[in-house]
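Tertiary structure, described
Here are the chains, one letter per residue:
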Amino acid sequence: MKKLPQMHHHRASGRARVYYKGKHIYLGAWGSPEANTAYQNFLRQLDEINAPIMRGGGLPSCVAVDKFLDYSKEYFHNLGEYTNRKSTLRVFSEFFEWTPITEIGPLKVMKLMDHLANQKLPRTRVNRVLTHIKRMMDWLVSRELIGPEKLAAIKSVKPLKAGRSAAVEMPPVEPVPLSTVEHTLKKIRKPLSDMIRIQLLTAMRPNEVCGLSFNEIDQSGAVWTYSPEKHKNAHRGHQRKILIGPAAQALLKPYSFLPKDQPIFRTTKNEAFRSVVYGRAIKEHNKANKIKHWMPNQIRHAAATMLVKEFGWQAARLILGHRTFDTTQIYAEETFDKIAEIIGRIG
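Being a predicted model, the structure only gives us computed values, none of them experimental.

With that out of the way, let us pick up the overall build of the protein chain. Secondary structure summary: the protein chain contains 16 helices and six strands in total. Across the 347 residues that make up the protein chain, the buried fraction comes to 43%. Residue pairs in contact within the protein chain that sit at least 24 positions apart in sequence constitute 60% of those at least 6 positions apart.

Right under this line is the structure:
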């Protein structure tokens, strides 16, 4: 079964193109509405797409995934969520390809999950695939591309339970020992060392330290406030406020000459760090220096462990940005002052 011809970025010309029957077909400027329209028009002309639609089968599964991912990329401020969906739904697209989306039911979804489990994927990843399939089906219903009865059927599929499938059980993410982090910090280059230290002092997520820019930091008080526009729950209308104490401020001040509207921390190619690049750089350094492997998200776990031990669950939850109350309750002035006092002492 043939796969959907994909649109690619021709970097030399800055144009979008597809490769079909031995030829490159150029569609317009990459990322432009004109290129996207030209690509959809191209797809409609293909016999491989017209055939299942003419048979009454509806939208091919691989095209349905592409449409949902286009929506997700535009909707989410945090591209991490889009990347997660793209990664998980790719297996759905490759497994079902041109099967009409209206023919995908619980048995087919469970067949996919069994296939992934038998490939020894982590159980949590298989269940994440199921979660994103359900979200995609929900979106397709809202766009009247499938009927609501299809979504109801798919929702009946249950996640894999521990020990009840061939999927691999992964150990929980543990906090990295501070002694291991210090070993890494002895030789790792800047700005990676500063990024690691700032994470330890503020409990930022990896993507938050990668996206840190001065125009999102309020420096008016003794404790600074970092309010990232793009964060994990931005699409839900939630605020995220990260407090930066004196020790972390001292790490940031040498970068104050940089443009205020750009991420502070840059790679050797002068590109903004992404979480995956940040994690890979630490991994490569540790491997080269024979240091036990750890990842940036483990720093946040280490900071959380320290916060709980020193200040209790309530303070830790608020500093980490875990949400139990609504935004107005979490950032009430009295509570906010209490958090600022804590960060002023540790960060």
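To continue, consider the sheet that holds strand β6 (residues 242–244). Read from one edge to the other, the open sheet built from three strands follows the order β4-β5-β6, with strand pairing classed as antiparallel. For this open sheet the edge positions go to β4 (217–218) and β6, each flanked by a neighbour on one side alone. The pairing of strand β5 (residues 224–226) with β6 spans three bridges and is classified as antiparallel. When the bridges of β6 are listed, T225 appears paired with L243.

All right, on to the packing of aromatic side chains then. Taken as a whole and judged by the stated rule, the model has eight aromatic pairs. Consider the rings of Y255 and F265, whose centres lie 5.2 Å apart with planes at 80 degrees: the pair is edge-to-face. Of this pair, Y255 sits in the loop between α11 (246–252) and α12 (275–288) while F265 is found in the loop between α11 and α12, placing the two residues ten residues apart along the sequence. Among the residues examined, F265 registers a relative accessible area of 0% and is labelled buried. A network of ring pairs unites the aromatic residues F68, Y71, Y75 and W139 as a single cluster. The ring of Y26 has R15 sitting right over it, with the charged end atom 3.9 Å from the ring centre. The positively charged end of R143 is found above the aromatic ring belonging to Y71, 5.4 Å away from the centroid.

Excluding glycine, a negative phi dihedral is what most residues carry, and trans is how most peptide bonds are arranged. Backbone torsion omega between K190 and P191 reads 5 degrees, so that peptide bond is classified as cis. Phi at K290 takes a positive value of approximately 55 degrees, unusual for a residue other than glycine. Since its relative accessible area comes to 79%, K290 is described here as exposed.

It is worth spelling out the nonpolar core at this point. Ranked by size, the top nonpolar core spans 35 residues in total, and within it F92, I101, I133 and M137 carry the most contacts. Breaking this core down by element, the ones donating at least two residues are α3 (61–75), α4 (79–96), α5 (106–118), α6 (123–142) and α7 (148–154). At eight residues, the largest contribution of residues to this core is made by α6. Those residues within four positions of F92 in sequence are excluded, and the remaining contacts are S61, V65, E97, I101, I104, L112, I133 and M136.

A few words on α6. Three- or four-residue spacings in an α-helix give side chains the same orientation, since the helix completes a turn every 3.6 residues. Spanning 20 residues, α6 covers 29 Å between terminal C-alpha atoms, matching the ideal 28 Å at 1.5 Å per step. Listed in full, the buried residues belonging to α6 are R123, V126, N127, V129, L130, H132, I133, M136, M137, W139 and L140.

Attention now moves to α3. In a regular helix each residue adds 1.5 Å, so 15 residues correspond to 21 Å; α3 covers 21 Å between its end C-alpha atoms and thus fits that length. All of the buried residues in α3 are S61, C62, V63, A64, V65, F68, L69 and S72.

The next point concerns the environment of H132. Position of H132 relative to the elements: it lies in helix α6. Overall, the relative accessible area of 3% leaves H132 in the buried class. Excluding its chain neighbours within four sequence positions, the residues that come into contact with H132 are F68, E81, N84, R85, T88 and L89. Within polar-contact distance, the side chain of H132 engages the side chain of T88 at 2.6 Å.

Glancing now at the packing of helix α8 (residues 178–185) against helix α9 (residues 192–202). Across the interface, α8 lies against α9 with an axial gap of 10 Å and an inter-helix angle of 155 degrees. One way to sum up the angle between α8 and α9 is to call them roughly antiparallel. Crossing angle aside, the handedness with which α8 passes α9 is left-handed. Between α8, through L178, V181, T184 and L185, and α9, the contact on the second element is made entirely by S193, I196, R197 and L200. When the residues that make up the contact of α8 with α9 are grouped by side-chain class, the tally is five nonpolar, two polar and one charged.

The subject of this paragraph is the side chain of E81. In this fold, E81 is placed in helix α4. Relative accessible area serves as the criterion here: at 18%, E81 is assigned to the buried category. E81 has contacts with F76, H132 and R135, leaving out every residue within four places of it along the chain.

A word on the side chain of K150. Note on placement: K150 falls in helix α7. Notably, K150 is buried but unbridged: the nearest opposite-charge side chain belongs to E149, and the N-O separation is 6.8 Å. With residues near it in sequence (within four places) discarded, K150 still touches T102, E103, I104 and G105.

Glancing now at the packing of α9 against α12. At a closest axis distance of 11 Å, the pairing of α9 and α12 adopts a crossing angle of 110 degrees. When the axes of α9 and α12 are compared, the pair comes out roughly perpendicular. Across from L192, M195, I196 and Q199 in α9, the residues of α12 making contact are Y278, A281 and I282. Broken down by class, the residue content of the contact of α9 with α12 amounts to six nonpolar, one polar and no charged.

Thresholds applied
- Residues numbered from 1 in each chain as written.
- Predicted model: local features only at pLDDT ≥ 70, side-chain atom pairs only at ≥ 80, totals over all residues.
- Heavy atoms only, no water.
- Helix = DSSP H or I, 4+ residues; strand = E, 2+ residues; numbered from the N terminus.
- Buried < 20%, exposed > 50% of the residue type's maximum accessible area, 1.4 Å probe, protein only.
- Contact = heavy atoms within 4.5 Å.
- Pairing = 2+ DSSP bridges.
- Phe/Tyr/Trp six-rings, centres within 6.5 Å; stacked < 30°, edge-to-face > 60°.
- Lys NZ or Arg CZ within 6 Å of the ring centre and 35° of its normal.
- Core = buried A, V, L, I, M, F, W, Y, C linked by side-chain atoms within 4.5 Å.
- Expected span 1.5 Å × (residues − 1).
- Polar contact = N/O pair within 3.5 Å; in protein donor to acceptor, adjacent residues only side chain to side chain.
- Axes fitted to C-alpha atoms, helices over the stretch in contact; angles between N-to-C directions.
- Parallel < 35°, antiparallel > 145°, perpendicular 65-115°, else oblique.
- Left-handed = near helix turned anticlockwise from the far one by under 90°.
- Nonpolar A, V, L, I, M, F, W, Y, C, P; charged D, E, K, R; others polar.
- Lys, Arg positive; Asp, Glu negative; His and termini not counted.
- Salt bridge = Lys/Arg side-chain N within 4 Å of Asp/Glu carboxyl O.

Nothing here speaks to function; it is geometry throughout.
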